[in-house]
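Notes for the structure review
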2 protein chains.
Amino acid sequence: MHIRHTKLLNIVNNKKRVAVTDLAQVLDVSEVTIRKDLSTLEHMGLLRREHGYAAMAQSDDIANHLSFNYEIKHKIAMRAAATVHNGETIMIESGSCCTLLAEELTMNRRDVTIITNSAFIAAFVRKAPGAHIILLGGEYQNESQVMVGPMIKKCVSDFYVDKLFVGIDGFNQNGFMSNNLMRAEAIRTMAENAKHAIILTESVKFTQTGVVSLFPLSAVDSVFTDDGIPADAAQIMHSKDTHVYTISTAEEK
Amino acid sequence: MHIRHTKLLNIVNNKKRVAVTDLAQVLDVSEVTIRKDLSTLEHMGLLRREHGYAAMAQSDDIANHLSFNYEIKHKIAMRAAATVHNGETIMIESGSCCTLLAEELTMNRRDVTIITNSAFIAAFVRKAPGAHIILLGGEYQNESQVMVGPMIKKCVSDFYVDKLFVGIDGFNQNGFMSNNLMRAEAIRTMAENAKHAIILTESVKFTQTGVVSLFPLSAVDSVFTDDGIPADAAQIMHSKDTHVYTISTAEEK
DNA sequence: AGAAAATATTTTCAAATGAAAAAGAAAAGA
DNA sequence: TCTTTTCTTTTTCATTTGAAAATATTTTCT
């Protein structure tokens, strides 16, 4: 991803709606270049175009939108993808990093089967050549497009996998947190049928606290995040034998 | 829906991609009017706009695309919707008419719960105020966005409803047909837990034959279609006590 | 380092765009 | 029937758009 694309996304995400003229001026390139960038980014689903403007891709969960810190999320996803081998079956719950993980696995791996309760992820990767998805049933949450409720348990009981990848909404000294009771319940149910629970998240989540408890520290095998993670949070996890993989956020070039 | 919109959709669907200029000329209105129409229709998801052109909304199953015969499909859906009362829980399988039925029920009814194996329908109606969806789990078919396979049975066994609405791909004297073995199997599984199986389909399907058998005539309670249905097909169904509701395709005005 | 190739960016331009105001047509009320 | 209101369509215009060609920059190879 071009460095200008990153800047452009930041501007659009902050202002929500920016004139093409302004973008060209601020980024000091011609409008034509901006337009080509906008085409690319719109195609990736990271923003919307309007006549004369670029607008933030409307998201149902603004705070978790893919285009916020896209590059970091992508790096985290790529690092986690390296732990999955061809032919493996894994579970994924929703979240930006997890979505990008699913994309990578379906685009560039062979015969990876993804079991998920996220209809969003299923739709996101369905055009990819290697997309093989098993969608868990349940009550459909209209905003998140995730399935929750008792049906999840029924569906997931057929499977046992090595790895479950999940996102989080917050963290405190007792463990990992979520913002939604039903989803937290669904994730724990999925975790019962997976050997390792693995967390993928931007480091900001470690400075926030969620609304409901998701996992105690001991339940999580490893964490993939970026190097913005507070030292004390990393320390707490280390002390409980949770592996922490931090990705460098340094901008290349 | 404006009559010009219908004509416009037909042109776009036939040619796949038409210049705005050409549309204005053929329909004999100004380009501005065409542009307003295109905005409306794009917003409804019935076509895509490109710079200078209107293009067919890309569909995974071209033959079943929503924008083909939209008006007829909509009328069929509205007629079927009249049989569903507030507070009812129903099952829907995929199909254009069924999608529009789901839209109507979530937009203009109160407390209707829809059980479906179509992630497409779930996503299509999720913004509607009354959308309450239970999505059945299973193997995710990338093109149709429908879940199939043994997990359907597990999921659906929790429910028993009065009505199951389904679409079909074809018909012969032995009964109703589908184009996909797995989906046909899923539909029959759903039908086991519904009192009445109800078919929603454009009449053209009665002149086509599917690839796999879906239901014998006796398994279907009623059929909602348009008045283009061949007399002999209607006759066969009548003889088996299947109600046939035909909607007039006459263009108003 | 220097040449060749591949990428990225800008210039240029005719065509397409959306907004606003004006004109026309249809529906409703007296 | 005439008037008012509302909805639809057209006219007008300054701005935005994408395509192509020209130029600049970076990368790759020798």
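Residues numbered from 1 in each chain as written. Chains lettered and ligands numbered in written order. Predicted model: local features only at pLDDT ≥ 70, side-chain atom pairs only at ≥ 80, totals over all residues. Heavy atoms only, no water.

**So, the sheet that holds strand S4 (residues 89–92) of chain A**
The condition is simple: Pairing between two strands is assigned when DSSP locates at least 2 bridges connecting them. Strands are runs of DSSP state E lasting at least 2 residues, helices are runs of H or I lasting at least 4, and numbering of each runs from the N terminus. To get an axis, fit a line to the C-alpha atoms, keeping to the stretch in contact for a helix; angles then go from 0 to 180 degrees between the N-to-C directions. Contact definition: two residues touch when any of their heavy atoms are within 4.5 Å.
Reading across from one edge, S15(A)-S14(A)-S12(A)-S9(A)-S4(A)-S5(A)-S6(A)-S7(B)-S8(B) is the order of the nine strands in this open sheet, with mixed pairing throughout. Either end of the sheet is taken by a strand with one partner, and the two such strands are strand S15 (243–247) of chain A together with strand S8 (146–148) of chain B. Between one strand axis and the next, the sheet turns through 30 degrees on average, direction left out of account. As paired elements, S4 of chain A and strand S5 (residues 113–116) of chain A share four bridges and run parallel to each other. Directly across from Thr89 of chain A, in S5 of chain A, lies its bridge partner Thr113 of chain A. Where helix H5 (residues 96–108) of chain A meets the sheet, it contacts S4, S5, strand S9 (161–166) and strand S12 (194–200) of chain A, and its direction lies at approximately 155 degrees from that of S4 of chain A. Across the sheet, helix H8 (residues 181–192) of chain A lies against S4, S5, S9 and S12 of chain A, angled at about 160 degrees from S9 of chain A, the strand it touches most.

**Re the environment of Thr225 of chain B**
Residues and elements named next belong to chain B. Filter applied, for reference: For every residue, the accessible area obtained with a 1.4 Å probe (protein chains only) is divided by the maximum for its type, and the residue is called buried under 20%, exposed over 50%, and partly exposed between those limits. Pairs of N or O atoms within 3.5 Å make up the polar contacts considered here, provided that, within protein, one atom can donate a hydrogen while the other can accept it, and that residues adjacent in sequence are counted only when both atoms are side-chain atoms.
Tracing the backbone shows Thr225 in strand S14 (residues 222–226). Thr225 sits in the buried class, given a relative accessible area of 0%. Along the chain, Thr225 and Ile247 lie 22 residues apart, while their C-alpha atoms are 6.2 Å from each other. A polar contact of 3.1 Å, which involves the side chain of Thr225, links it to the backbone nitrogen of Ser203.

**Here's the deal with the interface of chain A and chain B**
For clarity, the threshold we go by: Values labelled buried area give the accessible surface lost by two parts on being combined, using a 1.4 Å probe and summing over both. By convention in these notes, a salt bridge is any Lys or Arg side-chain nitrogen within 4 Å of a carboxyl oxygen on Asp or Glu.
Each partner contributes residues to the interface: chain A has 27 residues there, and chain B has 27 residues. Roughly 2100 Å² is buried in total at the junction of chain A and chain B, and carbon and sulfur atoms are behind 50% of that figure. Between the two partners, chain A and chain B, sit two salt bridges. Notably, a salt bridge pairs Lys154 of chain B with Asp158 of chain A, separated by 2.6 Å at the nearest N-O pair. For the pair chain A and chain B, the interface holds twelve residue pairs in polar contact (both at pLDDT 80 or more). Put simply, the parts of the chain that give the side of chain A that touches chain B at least two residues each are helix H6 (119–125), strand S6 (133–135), strand S7 (138–141) and helix H7 (151–156) of chain A.

**As for the protein's contact with DNA strand D**
We apply this condition: A single heavy atom is enough: if one lies within 4 Å of a molecule or strand, its residue is considered near that molecule or strand. In the scheme used here, Gly and all other residues not listed as nonpolar or charged are polar, with Ala, Val, Leu, Ile, Met, Phe, Trp, Tyr, Cys and Pro taken as nonpolar and Asp, Glu, Lys and Arg as charged.
Neighbouring DNA strand D are 15 residues; Arg35 and Gly52 of chain A together with Arg4, Ser30 and Thr33 of chain B lie closest to it. Backbone atoms, meaning sugar and phosphate, make up 77% of the atoms of DNA strand D lying within 4 Å of the protein. A distance of 3.4 Å separates a sugar or linking oxygen of DNA strand D from a polar atom in the side chain of His51 of chain A. Thr33 of chain B places a polar side-chain atom, nitrogen or oxygen, 2.5 Å from a phosphate oxygen of DNA strand D. At the level of elements, helix H2 (20–27) and strand S2 (47–50) of chain A together with helix H3 (31–43) of chain B are the ones that each hand at least two residues to the surface near DNA strand D. Considering every element that reaches the surface near DNA strand D, the biggest residue donor is H3 of chain B, with three residues. Residue classes in the surface near DNA strand D are distributed as three nonpolar, seven polar and five charged.

**Some words on the domain arrangement of chain A**
Accessible area lost during the coming together of the parts is what is often quoted as the interface size. Let me state the cut-off plainly: Reported domain spans reflect what an automatic or database domain assignment gives.
According to the domain assignment, chain A contains domain 1 (3–58) and domain 2 (70–247). If you average the C-alpha positions of domain 1 of chain A and of domain 2 of chain A, the two centres end up 30 Å apart.

**Considering the protein's contact with DNA strand C**
Every one of the 15 residues lining DNA strand C counts as a neighbour, but Arg4, Ser30 and Thr33 of chain A together with Arg35 and Gly52 of chain B are closest to it. The sugar and phosphate moieties of DNA strand C supply 76% of its atoms located within 4 Å of the protein. Here a phosphate oxygen of DNA strand C and a side-chain polar atom of Arg4 of chain A are 2.6 Å apart. In the model, a sugar or linking oxygen of DNA strand C is placed 3.4 Å from a nitrogen or oxygen of the His51 of chain A side chain. Among the secondary structure elements, those contributing two or more residues to the surface near DNA strand C are helix H3 (31–43) of chain A together with helix H2 (20–27) and strand S2 (47–50) of chain B. Within the surface near DNA strand C, the residues separate by chemical class into three nonpolar, seven polar and five charged.

**Some details on helix H4 (residues 70–81) of chain A**
Rules: Any helix carries an expected span of 1.5 Å times its number of residues minus one.
Given a rise of 1.5 Å per residue, twelve residues ought to cover 16 Å, and the 16 Å separating the end C-alpha atoms of H4 of chain A matches this to within 8%. Those residues of H4 of chain A that are buried are in contact with helix H1 (3–15), H5, S9, S12, strand S14 (222–226) and S15 of chain A.

**A closer look at the sheet that holds strand S1 (residues 17–19) of chain B**
All names here are of chain B. Ordered in space as S1-S3-S2, the three strands form an open sheet in which the pairing is antiparallel. Lying at the two open borders of the sheet, with one neighbouring strand each, are S1 and S2. When strand polarity is set aside, the average angle formed by the axes of neighbouring strands in this sheet is 25 degrees. Two elements, S2 and strand S3 (residues 53–56), share four bridges in a ladder whose sense is antiparallel.

**Examining the packing of H1 of chain A against H2 of chain A**
Residue and element names in this part refer to chain A. Note the threshold: An angle below 35 degrees is treated as roughly parallel, one above 145 as roughly antiparallel, one from 65 to 115 as roughly perpendicular, and anything else as oblique. A crossing counts as left-handed when the near helix is turned anticlockwise from the far one by less than a right angle, and as right-handed when that turn is clockwise.
Two numbers describe how H1 lies on H2: the axes approach to 11 Å, and their chain directions differ by 130 degrees. Relative to H2, H1 is oriented oblique. When you trace H1 past H2, the crossing you get is right-handed. Contacts from Arg4, Lys7, Leu8 and Ile11 in H1 reach Leu23, Val26 and Leu27 in H2. Grouping the constituent residues of the contact of H1 with H2 by class yields five nonpolar, no polar and two charged.

**Structural notes on the packing of aromatic side chains**
Rules: Stacked, edge-to-face and tilted labels apply to pairs of Phe, Tyr and Trp rings (six-membered ring for Trp) whose centres lie within 6.5 Å, assigned for plane angles under 30 degrees, over 60, and everything in between, in that order. In our convention, an over-ring charge means Lys NZ or Arg CZ found within 6 Å of a ring centre and within 35 degrees of that ring's normal.
Tallied over the full model, the rule gives eight aromatic pairs over all chains. Aromatic pair Phe171 of chain A and Phe206 of chain A: ring centres 5.1 Å apart, planes at 65 degrees, arrangement edge-to-face. On the criterion of sequence distance, the pair formed by Phe171 of chain A in strand S10 (residues 170–172) and Phe206 of chain A in the loop between S12 and strand S13 (212–216) is long-range, its members being 35 residues apart. Grouping residues by exposure puts Phe171 of chain A and Phe206 of chain A together as buried. One aromatic cluster in this structure is built from Phe171, Phe176 and Phe206 of chain A. Over the ring of Tyr53 of chain B we find Arg17 of chain B; its NZ or CZ atom is 3.8 Å from the centre of that ring.

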